[in-house]
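Below, each chain spelled out in residue letters.
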Amino acid sequence: MALYAIGDLHLSLTANKSMEVFGEGWRDYVPRIKAALSELTAADTLVLAGDTSWGIDLAEAEADFQFLEQFPCRKLLIKGNHDYWWSTISKMTEFFAEKQFTTLDFLHNNCAFYGDWALCGTRGWFEEDNQKPQNAKVLNREVMRLETSLKAAGERPILCFLHYPPLYQGYECPEILSLLNRYHVKQCFYGHLHGPTIHRAINGSRGEIEFSLISADALGFIPKKICE
Ligand SMILES: [Fe+2]
Ligand SMILES: [Fe+2]
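Residues numbered from 1 in each chain as written. Chains lettered and ligands numbered in written order. Predicted model: local features only at pLDDT ≥ 70, side-chain atom pairs only at ≥ 80, totals over all residues.

Quick word on the sheet that holds strand 5 (residues 111–114)
Pairing between sheet strands relies on hydrogen bonds along the backbone, with the strands arranged either parallel or antiparallel.
Working step 1: Strand order across the open sheet formed by six strands is 5-6-7-10-12-11, with mixed pairing between neighbours. A single partner strand is all that each edge strand has here, and the edge strands are strand 5 and strand 11 (204–206). Neighbour-to-neighbour, the strand axes of this sheet turn through a mean angle of 25 degrees, independent of strand direction.
Working step 2: As paired strands, strand 5 and strand 6 (residues 117–122) are joined by four bridges and run antiparallel to one another. Paired with Phe 113 across the two strands is Ala 118, which belongs to strand 6.
Working step 3: Sheet contacts for helix 4 (residues 135–151): strand 5, strand 6 and strand 7 (158–162); angle to strand 6, the most-contacted strand, approximately 170 degrees. (Pairing = 2+ DSSP bridges. Helix = DSSP H or I, 4+ residues; strand = E, 2+ residues; numbered from the N terminus. Axes fitted to C-alpha atoms, helices over the stretch in contact; angles between N-to-C directions. Contact = placed C-beta atoms within 7 Å.)

Take a look at the structure:
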C-alpha cells in the first residue's frame, strides 16, 4: 500500500493530440505509462495532478478514463489547464457512474485521506495566466478553492497537490504560498512544466515546505512514490 503522484499524462486516445510530436522525451509515452501504472495495486492511491486528458469533453476523454480504469489503484484527479473535459463535479461523477468507472475520483473543493495524511489540492495559478483579462477573478477563485481544501484537512498533516507550480525560477505566487504556509503544508507537489522548462523547477525545501515537480516527462512517466 503506497501513495503515488504524477501529473500531465496528456492522454489522447481519442482526441488525437499525441505528445510524441514534442520530441524524443515523449516517445512511446502511453505504453511507458501503462507499464508503470501496471505496477500499482488496488491498495495504492495515485494523485493525477492535472492535464490528464486532451479530450475536449467527457465523451472525447472517455477512452482516456477507460485506459486509467484498467489499473486497480484509486485515482484522485486535479484539474489542469488543458483538461477541457472538466465539468461540474456532479456531471463528472454521474458520467463515471454511468460508465462504471469506479477507481476515479476528484480533488476539488475537498480533501481526501490517506492513512494519517490529508491530501489537498486544486489547479492553482501561474504567471502565464496573467495574459487573461479576468486574472484577478481566476486567482481569487483558485485561492478560495485551495483554502476550502486545506480547511477540510482538519488537524491532519497535509500533502498538497497543485497543477501549476506555486513557485518557479524567478517567479512565485504569494497568495498560494501564504496559504500553504498558514496551513502548515508539509509537502507540495505540482506539474505543468515540460521539456526545457523542467530545469527551471524548484525542487527541495523552501522554509517549512518541501516542493517537488511531478510532471510525467520530468518523472520519466513513472509515478513518484510519496509514502507507504
Ligand atoms: Fe499544464
Ligand atoms: Fe501539461
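Details of the sheet that holds strand 1 (residues 3–6)
Working step 1: An order of 4-3-2-1-13 is seen for the five strands of this open sheet, with the pairing classed as mixed. Of all the strands in the sheet, the pair left with one neighbour each is strand 4 (104–106) and strand 13 (224–227). Taking the axes of each pair of neighbouring strands and ignoring which way they run, one obtains an average angle of 30 degrees across the sheet.
Working step 2: Pairing of strand 2 (residues 45–48) with strand 3 (residues 74–77), which is carried by four bridges, proceeds in the parallel orientation. The residue of strand 3 that forms the bridge with Leu 48 is Leu 77.

Thoughts on the pairing of strand 2
Working step 1: Covered by surrounding structure in strand 2 are Thr 45 and Val 47 together with Leu 46 and Leu 48, the residues of both alternating faces.
Working step 2: Pairing geometry for strand 1 and strand 2, over four bridges, is parallel. Looking at strand 2, one finds that Ile 6 is bridged to Leu 48.
Working step 3: Read from strand 1 through helix 1 (residues 29–37) to strand 2, the crossover connection turns out right-handed.
Working step 4: Read as a crossover between parallel neighbours, the route from strand 2 over helix 2 (residues 58–69) to strand 3 is right-handed. (Buried ≥ 20, exposed ≤ 12 C-beta atoms within 10 Å, placed from the backbone. Right-handed = clockwise from strand over helix to strand, strands pointing away.)

Quick word on the environment of Glu 210
Working step 1: Secondary-structure assignment places Glu 210 in strand 12 (residues 209–213).
Working step 2: Residue classification places Glu 210 among the partly exposed positions, given that 15 C-beta atoms sit within 10 Å.
Working step 3: C-alpha of Glu 210 to C-alpha of Asp 116: the two residues are 94 residues apart in sequence and 18 Å apart in space.
Working step 4: Not counting residues up to four positions away in its chain, the partners in contact with Glu 210 are Gln 187, Gly 204 and Ser 205.

Coordinates in, geometry out; function isn't part of it.
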